[in-house]
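# Examining the three-dimensional arrangement
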Amino acid sequence: DPDNSACYVPREFVTFKLTLVVPSGDTEGIIFDNFFPLPVFDVSDLDTDNFGTGFDIRLAPDHTDLSFVPSTANITKNTSQNSVRIEWPNLDGATASKTLSVYIDLPIDYQPFDDSLFLSNIFQYQTQNSSGNTDDSLLIVNLNLCTPDLAVVKGVSSTTGNGTLDPSPVQNPVNSDINNVEAGDEVTFVITTINNGGAKAYDVNVRDSI
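As a starting point, this report considers the structure included with it. Please read these numbers as outputs of a predicted model, since none were measured by experiment.

### Considerations on the sheet that holds strand β5 (residues 75–78)
The mixed open sheet is built from 6 strands, whose spatial order is β1-β9-β8-β3-β6-β5. Edge strands, defined here as strands with exactly one partner in the open sheet, are β1 (7–8) and β5. Bridge count for β1 against strand β9 (residues 134–145) is 2 bridges, and the pairing is parallel. Residue pairing in the sheet places C7 in a bridge with N144 of β9.

In structure tokens:
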């Protein structure tokens, strides 16, 4: 259940919480399917072999019965659908409400994508009653993803000669051209890099050919 108001950035880990409350505490055929949005999450990064001890998939604090857990063999990845499936044991003979709750942690890919990109995570769960009737439900949560969005502006800010700047006076950022320069005039160029994106930019290199 990510925070819809947050802006997630590349290489940040996002924790998805999947929860099912069984009021009667008695049901069968419990399956969690979570579909992670492409291209920013890659389900192949998930470690499904260490449930409960690994960092990737683990019980959430509000899970009510620590002895009731899925087996590692029943946690599977589907890379073509970019999804993970958790098949739980049957809840038989319980007399009180049960909460099944897990955390899943995945990093946002560092590959470039558009700034302020909204993507949807889809969580589907299903259960069966004793007669074999299936009940399923679909839940959708949106994520706001942010990246750097750089713009580079170059212009002339001043000259020691009689050249004329256009536009004049000089704007901020500097984007003026210069006309009527002569040999021996000194011209000062200004290069401005602006990040219009919602995430910080790292290792920025600007190369100028004179």
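### With respect to the sheet that holds strand β7 (residues 98–107)
Ordered by their spatial adjacency, 3 strands build an open sheet running β2-β7-β4, and the pairing between neighbours is antiparallel. Only two strands of the sheet have a single partner each, and these edge strands are β2 (13–22) and β4 (57–59). Recorded for the sheet is a direction-independent mean angle of 20° between the axes of neighbouring strands. With 10 bridges connecting them, β2 and β7 associate as antiparallel partners. Looking at β7, one finds that T15 is bridged to D105.

### A word on the packing of aromatic side chains
For the structure on display, the rule yields 6 aromatic pairs. Seen in terms of ring centroids, F16 and F36 are 5.1 Å apart; in terms of plane orientation they differ by 80°. Their pairing is edge-to-face. Here F36 lies in the loop between β3 (28–35) and β4 and F16 lies in strand β2, a separation of 20 residues in the sequence. For the residue pair F16 and F36, the accessibility class agrees, reading buried in each case. Aromatic ring contacts, followed pair by pair, group F32, F68, W88, F123 and Y125 into a single cluster. Positioned above the aromatic ring of Y110, the side-chain terminus of R11 is 5.0 Å from the ring centre. Taking the ring centre of F189 as reference, the NZ or CZ of K154 above it sits at 4.9 Å.

### Some words on a nonpolar patch on the surface
A cluster of nonpolar side chains, contributed by L150, V152, I191, V204 and V206, occupies part of the molecular surface with about 400 Å² of accessible area. Residue placement: V206 occurs in the segment after β13 (187–195).

### Describing the pattern of salt bridges
On inspection of all chains with the given rule, the structure shows 5 salt bridges. Put simply, K17 and D62 hold a salt bridge, and the shortest N to O gap is 3.0 Å. With a gap of 45 residues between them, K17 in strand β2 and D62 in the loop between β4 and β5 connect regions that are remote in the sequence. A relative accessible area of 31% places K17 in the partly exposed class. Since its relative accessible area comes to 31%, D62 is described here as partly exposed.

The rules behind these values
Residues numbered from 1 in each chain as written. Predicted model: local features only at pLDDT ≥ 70, side-chain atom pairs only at ≥ 80, totals over all residues. Heavy atoms only, no water. Pairing = 2+ DSSP bridges. Helix = DSSP H or I, 4+ residues; strand = E, 2+ residues; numbered from the N terminus. Axes fitted to C-alpha atoms, helices over the stretch in contact; angles between N-to-C directions. Phe/Tyr/Trp six-rings, centres within 6.5 Å; stacked < 30°, edge-to-face > 60°. Buried < 20%, exposed > 50% of the residue type's maximum accessible area, 1.4 Å probe, protein only. Lys NZ or Arg CZ within 6 Å of the ring centre and 35° of its normal. Patch = residues over 30% accessible without salt bridge, like charges linked within 9 Å, V, L, I, M, F, W, Y side chains within 5 Å. Areas by Shrake-Rupley, 256 points an atom, 1.4 Å probe, with all protein chains shown as cover. Salt bridge = Lys/Arg side-chain N within 4 Å of Asp/Glu carboxyl O.

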